[in-house]
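Descriptive structure summary
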Amino acid sequence: MMRNSRPWTFHAIPDQTGRVAVVTGANSGIGYVTARELARHGAHVVLACRDPGRGQAALARMQDELPGAHLELRRLDLGSLASIREFATGWDRGRLDLLVNNAGVAMVPYARTADGFESQFGINHLGTFALTGLLLPHLLAAPDPRVVTVSSEGQRFARFDLENLNAERRYRTAFAYVQSKRANLYFATELQRRADAAGHKLRSMAVAPGLTRTNVLTGGANSSRGRLYATLTRLMVRVAFRPTPEGAKTSLHAATVPDLPGGGYIVPDGVLQLRGEPTRRTRERAIRDTATAARLWQLSERLTGVTYALSAVRATPLP
(Lines give C-alpha, C1' and ligand atoms only; values in the text may rest on other atoms or scores of the structure.)
Protein backbone atom coordinates (compact mmCIF):
# COMPACT_ATOMS: atom_id res chain seq x y z
CA MET A 1 0.00 0.00 0.00
CA MET A 2 1.71 3.15 -1.22
CA ARG A 3 1.31 6.51 0.47
CA ASN A 4 -0.27 9.28 -1.58
CA SER A 5 2.16 12.07 -2.45
CA ARG A 6 -0.47 14.79 -2.04
CA PRO A 7 -3.36 15.13 0.42
CA TRP A 8 -6.85 14.33 -0.86
CA THR A 9 -9.12 17.22 0.11
CA PHE A 10 -12.83 17.91 -0.04
CA HIS A 11 -12.11 20.31 -2.90
CA ALA A 12 -11.52 17.21 -5.06
CA ILE A 13 -15.15 16.10 -4.69
CA PRO A 14 -16.86 16.44 -8.07
CA ASP A 15 -20.23 18.11 -8.51
CA GLN A 16 -22.93 15.98 -6.85
CA THR A 17 -25.91 17.85 -8.27
CA GLY A 18 -28.74 15.45 -9.10
CA ARG A 19 -27.59 12.69 -6.75
CA VAL A 20 -29.83 11.56 -3.90
CA ALA A 21 -27.93 10.26 -0.88
CA VAL A 22 -28.80 8.71 2.48
CA VAL A 23 -26.24 8.97 5.28
CA THR A 24 -27.02 7.00 8.42
CA GLY A 25 -25.90 8.44 11.74
CA ALA A 26 -25.55 11.87 10.14
CA ASN A 27 -26.26 13.85 13.31
CA SER A 28 -22.63 13.80 14.53
CA GLY A 29 -19.04 12.82 13.85
CA ILE A 30 -17.99 11.34 10.54
CA GLY A 31 -21.60 11.00 9.42
CA TYR A 32 -22.26 14.71 9.90
CA VAL A 33 -19.19 15.72 7.91
CA THR A 34 -20.00 13.19 5.16
CA ALA A 35 -23.55 14.48 4.80
CA ARG A 36 -22.46 18.11 4.93
CA GLU A 37 -19.84 17.78 2.21
CA LEU A 38 -22.13 15.81 -0.09
CA ALA A 39 -24.74 18.56 0.32
CA ARG A 40 -22.12 21.27 -0.11
CA HIS A 41 -21.31 19.80 -3.52
CA GLY A 42 -24.92 19.68 -4.65
CA ALA A 43 -26.42 16.35 -3.54
CA HIS A 44 -29.84 16.01 -1.97
CA VAL A 45 -28.94 14.43 1.36
CA VAL A 46 -31.21 12.57 3.74
CA LEU A 47 -29.94 12.54 7.31
CA ALA A 48 -31.07 9.19 8.72
CA CYS A 49 -30.88 9.49 12.51
CA ARG A 50 -32.12 7.52 15.49
CA ASP A 51 -32.79 10.42 17.88
CA PRO A 52 -35.23 13.00 16.44
CA GLY A 53 -34.01 15.77 18.74
CA ARG A 54 -30.34 15.33 17.92
CA GLY A 55 -31.21 14.85 14.27
CA GLN A 56 -33.18 18.09 14.16
CA ALA A 57 -30.32 19.97 15.84
CA ALA A 58 -27.87 18.58 13.30
CA LEU A 59 -30.16 19.50 10.42
CA ALA A 60 -30.52 23.08 11.71
CA ARG A 61 -26.77 23.40 12.17
CA MET A 62 -26.09 22.09 8.67
CA GLN A 63 -28.67 24.41 7.14
CA ASP A 64 -26.96 27.32 8.88
CA GLU A 65 -23.62 26.24 7.42
CA LEU A 66 -25.04 25.62 3.95
CA PRO A 67 -27.95 27.97 3.20
CA GLY A 68 -29.94 26.65 0.28
CA ALA A 69 -28.58 23.11 0.51
CA HIS A 70 -30.94 20.22 -0.24
CA LEU A 71 -31.34 18.48 3.11
CA GLU A 72 -33.97 16.52 4.98
CA LEU A 73 -34.21 14.49 8.17
CA ARG A 74 -35.77 11.05 8.53
CA ARG A 75 -35.87 8.80 11.57
CA LEU A 76 -34.01 5.49 11.45
CA ASP A 77 -33.04 3.18 14.30
CA LEU A 78 -30.70 0.42 13.10
CA GLY A 79 -31.36 -1.42 16.35
CA SER A 80 -34.96 -2.08 15.31
CA LEU A 81 -35.99 -4.07 12.24
CA ALA A 82 -39.42 -2.43 12.48
CA SER A 83 -37.83 1.03 12.24
CA ILE A 84 -35.68 -0.07 9.29
CA ARG A 85 -38.72 -1.43 7.45
CA GLU A 86 -40.67 1.75 8.17
CA PHE A 87 -37.83 3.86 6.76
CA ALA A 88 -37.58 1.74 3.61
CA THR A 89 -41.35 1.53 3.12
CA GLY A 90 -41.61 5.29 3.48
CA TRP A 91 -38.97 6.03 0.86
CA ASP A 92 -40.72 8.31 -1.63
CA ARG A 93 -37.92 9.93 -3.58
CA GLY A 94 -37.66 7.29 -6.32
CA ARG A 95 -34.12 6.28 -7.12
CA LEU A 96 -31.35 6.34 -4.53
CA ASP A 97 -27.89 7.12 -5.91
CA LEU A 98 -25.83 6.69 -2.75
CA LEU A 99 -26.24 4.95 0.58
CA VAL A 100 -23.57 5.62 3.20
CA ASN A 101 -23.86 3.04 5.98
CA ASN A 102 -22.13 5.11 8.64
CA ALA A 103 -24.15 4.66 11.83
CA GLY A 104 -22.91 2.28 14.49
CA VAL A 105 -21.93 1.75 18.08
CA ALA A 106 -18.49 0.98 19.52
CA MET A 107 -17.21 -0.76 22.63
CA VAL A 108 -20.56 -0.62 24.41
CA PRO A 109 -21.62 -2.63 27.47
CA TYR A 110 -23.56 -5.84 26.81
CA ALA A 111 -27.09 -5.18 25.57
CA ARG A 112 -29.64 -6.57 23.17
CA THR A 113 -31.47 -4.75 20.37
CA ALA A 114 -35.25 -4.58 20.11
CA ASP A 115 -35.10 -7.83 18.11
CA GLY A 116 -32.87 -9.65 20.59
CA PHE A 117 -29.52 -9.32 18.80
CA GLU A 118 -26.28 -8.46 20.61
CA SER A 119 -26.20 -4.70 20.12
CA GLN A 120 -22.88 -4.25 18.30
CA PHE A 121 -23.53 -7.10 15.86
CA GLY A 122 -27.20 -6.18 15.58
CA ILE A 123 -26.72 -2.48 14.88
CA ASN A 124 -23.38 -2.40 13.06
CA HIS A 125 -23.97 -5.36 10.77
CA LEU A 126 -27.52 -6.72 10.81
CA GLY A 127 -29.14 -3.28 10.76
CA THR A 128 -26.89 -2.23 7.88
CA PHE A 129 -27.59 -5.48 6.03
CA ALA A 130 -31.37 -5.11 6.39
CA LEU A 131 -31.45 -1.44 5.43
CA THR A 132 -29.36 -1.93 2.29
CA GLY A 133 -31.43 -4.90 1.19
CA LEU A 134 -34.74 -3.13 1.65
CA LEU A 135 -33.49 -0.03 -0.20
CA LEU A 136 -31.99 -2.13 -2.99
CA PRO A 137 -34.78 -1.56 -5.54
CA HIS A 138 -34.27 2.20 -5.25
CA LEU A 139 -30.50 1.82 -5.54
CA LEU A 140 -30.78 -0.34 -8.65
CA ALA A 141 -33.07 2.26 -10.22
CA ALA A 142 -30.16 4.76 -10.20
CA PRO A 143 -27.80 4.97 -13.18
CA ASP A 144 -24.63 4.62 -11.07
CA PRO A 145 -25.57 3.49 -7.55
CA ARG A 146 -23.05 3.17 -4.74
CA VAL A 147 -23.13 1.70 -1.25
CA VAL A 148 -20.40 2.78 1.16
CA THR A 149 -20.15 0.85 4.43
CA VAL A 150 -18.00 2.14 7.27
CA SER A 151 -15.88 -0.64 8.77
CA SER A 152 -12.85 -0.03 10.99
CA GLU A 153 -9.11 -0.49 10.96
CA GLY A 154 -9.76 -2.59 14.06
CA GLN A 155 -11.40 -5.32 11.98
CA ARG A 156 -7.92 -6.66 11.18
CA PHE A 157 -7.68 -7.93 14.76
CA ALA A 158 -11.00 -9.81 14.77
CA ARG A 159 -11.10 -13.53 15.34
CA PHE A 160 -14.27 -14.04 13.37
CA ASP A 161 -16.40 -16.72 15.00
CA LEU A 162 -19.58 -17.57 13.11
CA GLU A 163 -20.77 -19.57 16.12
CA ASN A 164 -20.56 -16.60 18.48
CA LEU A 165 -21.56 -13.60 16.38
CA ASN A 166 -24.56 -12.90 18.56
CA ALA A 167 -22.80 -13.44 21.91
CA GLU A 168 -24.27 -16.93 22.12
CA ARG A 169 -21.50 -18.12 24.46
CA ARG A 170 -19.79 -15.11 25.99
CA TYR A 171 -19.48 -11.37 25.52
CA ARG A 172 -16.29 -9.38 25.34
CA THR A 173 -16.81 -5.76 24.41
CA ALA A 174 -13.76 -5.21 22.19
CA PHE A 175 -14.05 -8.64 20.58
CA ALA A 176 -17.70 -8.04 19.67
CA TYR A 177 -16.89 -4.62 18.22
CA VAL A 178 -14.06 -5.66 15.90
CA GLN A 179 -16.03 -8.72 14.87
CA SER A 180 -18.99 -6.54 13.86
CA LYS A 181 -16.63 -4.33 11.85
CA ARG A 182 -15.16 -7.38 10.09
CA ALA A 183 -18.75 -8.30 9.26
CA ASN A 184 -19.12 -4.87 7.59
CA LEU A 185 -16.17 -5.65 5.33
CA TYR A 186 -17.47 -9.12 4.49
CA PHE A 187 -20.86 -7.62 3.69
CA ALA A 188 -19.54 -4.87 1.41
CA THR A 189 -17.37 -7.20 -0.67
CA GLU A 190 -20.00 -9.95 -0.88
CA LEU A 191 -22.59 -7.42 -2.03
CA GLN A 192 -20.25 -6.46 -4.86
CA ARG A 193 -19.73 -10.08 -5.88
CA ARG A 194 -23.46 -10.70 -5.97
CA ALA A 195 -24.19 -7.49 -7.88
CA ASP A 196 -21.51 -8.38 -10.43
CA ALA A 197 -22.89 -11.89 -10.84
CA ALA A 198 -26.36 -10.46 -11.50
CA GLY A 199 -25.01 -7.93 -14.00
CA HIS A 200 -25.88 -4.80 -12.03
CA LYS A 201 -23.86 -1.58 -12.10
CA LEU A 202 -23.99 -1.14 -8.33
CA ARG A 203 -20.66 -0.40 -6.65
CA SER A 204 -20.20 -1.48 -3.04
CA MET A 205 -17.19 -0.42 -1.00
CA ALA A 206 -16.06 -0.58 2.59
CA VAL A 207 -13.99 2.10 4.30
CA ALA A 208 -11.95 2.51 7.47
CA PRO A 209 -11.78 6.05 8.87
CA GLY A 210 -8.65 5.66 11.02
CA LEU A 211 -8.38 7.06 14.54
CA THR A 212 -10.92 9.89 14.52
CA ARG A 213 -12.42 12.24 17.09
CA THR A 214 -16.11 11.36 17.41
CA ASN A 215 -18.49 10.74 20.27
CA VAL A 216 -18.92 7.04 19.49
CA LEU A 217 -16.89 6.05 22.56
CA THR A 218 -18.67 8.43 24.94
CA GLY A 219 -22.21 8.84 23.58
CA GLY A 220 -25.20 6.53 23.36
CA ALA A 221 -24.83 3.38 25.47
CA ASN A 222 -21.38 4.51 26.60
CA SER A 223 -22.78 7.64 28.23
CA SER A 224 -23.76 5.65 31.34
CA ARG A 225 -20.25 4.40 32.07
CA GLY A 226 -19.50 7.08 34.62
CA ARG A 227 -17.52 10.30 34.93
CA LEU A 228 -14.07 8.71 35.16
CA TYR A 229 -14.57 6.72 31.95
CA ALA A 230 -15.89 9.77 30.13
CA THR A 231 -13.03 12.02 31.30
CA LEU A 232 -10.26 9.57 30.44
CA THR A 233 -11.81 8.64 27.09
CA ARG A 234 -12.27 12.25 26.02
CA LEU A 235 -8.67 12.98 26.96
CA MET A 236 -7.41 10.01 24.95
CA VAL A 237 -9.52 10.97 21.93
CA ARG A 238 -8.35 14.59 22.05
CA VAL A 239 -4.67 13.67 22.32
CA ALA A 240 -4.36 10.58 20.12
CA PHE A 241 -7.14 10.86 17.55
CA ARG A 242 -7.26 13.13 14.50
CA PRO A 243 -9.93 15.71 13.67
CA THR A 244 -13.31 14.43 12.50
CA PRO A 245 -13.06 15.77 8.91
CA GLU A 246 -9.90 13.69 8.40
CA GLY A 247 -11.83 10.57 9.35
CA ALA A 248 -14.60 11.39 6.88
CA LYS A 249 -12.17 11.45 3.97
CA THR A 250 -12.35 7.73 3.23
CA SER A 251 -16.17 7.75 3.18
CA LEU A 252 -16.30 10.76 0.87
CA HIS A 253 -13.54 9.37 -1.34
CA ALA A 254 -15.43 6.09 -1.76
CA ALA A 255 -18.70 7.92 -2.34
CA THR A 256 -17.54 10.39 -4.98
CA VAL A 257 -14.33 9.46 -6.86
CA PRO A 258 -15.64 8.75 -10.38
CA ASP A 259 -13.43 5.88 -11.56
CA LEU A 260 -13.16 3.97 -8.27
CA PRO A 261 -13.82 0.23 -8.79
CA GLY A 262 -16.43 -1.51 -6.68
CA GLY A 263 -15.52 -4.16 -4.17
CA GLY A 264 -12.63 -2.17 -2.74
CA TYR A 265 -11.61 -1.20 0.77
CA ILE A 266 -10.62 2.45 1.21
CA VAL A 267 -8.33 3.10 4.17
CA PRO A 268 -5.86 5.73 5.39
CA ASP A 269 -2.46 5.08 3.82
CA GLY A 270 -0.43 5.54 7.02
CA VAL A 271 0.95 3.02 9.51
CA LEU A 272 -1.67 0.48 10.65
CA GLN A 273 -4.30 2.45 8.69
CA LEU A 274 -4.61 4.82 11.64
CA ARG A 275 -4.10 8.08 9.76
CA GLY A 276 -3.18 9.32 6.31
CA GLU A 277 -4.85 9.88 2.94
CA PRO A 278 -7.45 7.59 1.34
CA THR A 279 -6.06 4.67 -0.64
CA ARG A 280 -7.56 1.46 -2.04
CA ARG A 281 -6.39 -1.67 -0.27
CA THR A 282 -6.83 -5.03 -2.01
CA ARG A 283 -4.73 -7.43 0.09
CA GLU A 284 -6.93 -7.56 3.16
CA ARG A 285 -7.49 -11.17 4.22
CA ALA A 286 -11.23 -10.68 4.67
CA ILE A 287 -11.61 -9.51 1.06
CA ARG A 288 -10.33 -12.88 -0.17
CA ASP A 289 -12.32 -14.97 2.33
CA THR A 290 -15.33 -15.53 0.13
CA ALA A 291 -16.50 -18.65 1.97
CA THR A 292 -16.97 -16.87 5.30
CA ALA A 293 -18.61 -13.91 3.59
CA ALA A 294 -21.14 -16.20 1.90
CA ARG A 295 -21.95 -17.98 5.17
CA LEU A 296 -22.39 -14.65 6.96
CA TRP A 297 -24.71 -13.48 4.19
CA GLN A 298 -26.93 -16.55 4.57
CA LEU A 299 -27.01 -16.13 8.34
CA SER A 300 -27.89 -12.45 7.99
CA GLU A 301 -30.78 -13.23 5.67
CA ARG A 302 -32.14 -15.73 8.16
CA LEU A 303 -31.80 -13.44 11.18
CA THR A 304 -33.21 -10.29 9.56
CA GLY A 305 -35.75 -11.85 7.20
CA VAL A 306 -34.39 -9.71 4.35
CA THR A 307 -33.27 -11.41 1.15
CA TYR A 308 -31.44 -9.76 -1.71
CA ALA A 309 -33.15 -10.91 -4.89
CA LEU A 310 -30.56 -9.20 -7.07
CA SER A 311 -31.40 -11.07 -10.23
CA ALA A 312 -35.03 -9.98 -9.86
CA VAL A 313 -34.06 -6.43 -8.85
CA ARG A 314 -35.93 -6.47 -5.58
CA ALA A 315 -35.49 -7.20 -1.90
CA THR A 316 -38.17 -9.44 -0.42
CA PRO A 317 -38.83 -9.97 3.29
CA LEU A 318 -39.19 -13.60 4.30
CA PRO A 319 -42.51 -14.65 5.84
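Please refer to the structure higher up on the page.
Heads up: these notes are all about the structure in this document.

Taken as a whole and assessed by the stated rule, the structure comprises 3 cavities of 30 Å³ or more. A volume near 60 Å³ is recorded for the largest cavity. Taken together, Glu118, Asn164, Leu165, Asn166, Ala167, Arg170, Tyr171, Arg172, Phe175, Ala176 and Gln179 make up the lining of the largest cavity. Class assignment for the residues of the lining of the largest cavity results in 5 nonpolar, 3 polar and 3 charged.

Here we take up the side chain of Ser152. As for its placement among the helices and strands, Ser152 is situated in the loop between strand E5 (146–150) and helix H5 (173–198). Residue classification places Ser152 among the buried positions, given a relative accessible area of 5%. Reaching out from Ser152, the side chain makes a polar contact with the backbone nitrogen of Gly154 at a distance of 2.9 Å.

Counting across every chain of the model gives 16 salt bridges. We note a salt bridge from Glu65 to Arg61, for which the minimum N-O separation is 3.7 Å. Highlighted residues: Glu65 and Arg61, both in helix H2 (residues 52–65), separated by 4 residues, approximately one helical turn. Residue Asp144 pairs with Arg203 through a salt bridge whose shortest N-O separation is 2.7 Å. Within this pair, whereas Asp144 is found in the loop between helix H4 (119–140) and E5, its partner Arg203 is found in strand E6 (residues 203–207), the two being separated by 59 residues in sequence. Looking at Arg203, the relative accessible area reads 13%, which means it is buried. In this structure, a network of salt bridges that share partners links the residues Arg36, Glu37, Arg40, Arg61 and Glu65.

This paragraph deals with the environment of Leu81. With respect to the helices and strands, the residue Leu81 is situated in helix H3 (residues 81–89). Classification of Leu81 by relative accessible area gives buried; the value is 14%. It is 8.6 Å that separates the C-alpha atoms of Leu81 and Leu131, two residues lying 50 residues apart in sequence. Aside from chain neighbours lying at most four places away, what touches Leu81 is Asp115, Phe117, Ala130, Leu303 and Thr304.

What follows covers the nonpolar core. With 51 residues, the main nonpolar core has Phe87 and Tyr308 as its most contacted residues. Take this core: its biggest share by element is 11 residues, from H4. Formed by 34 residues, the second largest nonpolar core is a distinct cluster that contains Ala43, Val100, Val150 and Met205.

Per the counting criterion, the structure on display carries 9 aromatic pairs. Seen in terms of ring centroids, Tyr110 and Tyr171 are 5.2 Å apart; in terms of plane orientation they differ by 65 degrees. Their pairing is edge-to-face. Here the residue Tyr110 occupies a position in the loop between strand E4 (98–101) and H4, and Tyr171 occupies one in the loop between E5 and H5, the gap between them amounting to 61 residues. With 4.8 Å between their ring centres and 50 degrees between their planes, Phe129 and Tyr308 make a pair best called tilted. Of the two residues, Phe129 is situated in helix H4 and Tyr308 in strand E9 (residues 306–309); the sequence distance between them amounts to 179 residues. A single burial state applies to Phe129 and to Tyr308, both of which are buried. Counting every residue linked through ring pairs, the aromatic cluster contains Phe129, Phe187, Trp297 and Tyr308. Cation over ring: Arg61 sits above Tyr32, and NZ or CZ is 4.2 Å from the ring centre.

Thresholds applied
- Residues numbered from 1 in each chain as written.
- Predicted model: local features only at pLDDT ≥ 70, side-chain atom pairs only at ≥ 80, totals over all residues.
- Heavy atoms only, no water.
- 1 Å grid on protein atoms, 1.4 Å probe; cavity = no way out; pocket = protein on both sides within 12 Å on 5 of 7 lines; lining within 4 Å.
- Points joined across faces, edges and corners; volume = space filled by probe spheres on them.
- Nonpolar A, V, L, I, M, F, W, Y, C, P; charged D, E, K, R; others polar.
- Helix = DSSP H or I, 4+ residues; strand = E, 2+ residues; numbered from the N terminus.
- Buried < 20%, exposed > 50% of the residue type's maximum accessible area, 1.4 Å probe, protein only.
- Polar contact = N/O pair within 3.5 Å; in protein donor to acceptor, adjacent residues only side chain to side chain.
- Salt bridge = Lys/Arg side-chain N within 4 Å of Asp/Glu carboxyl O.
- Contact = heavy atoms within 4.5 Å.
- Core = buried A, V, L, I, M, F, W, Y, C linked by side-chain atoms within 4.5 Å.
- Phe/Tyr/Trp six-rings, centres within 6.5 Å; stacked < 30°, edge-to-face > 60°.
- Lys NZ or Arg CZ within 6 Å of the ring centre and 35° of its normal.

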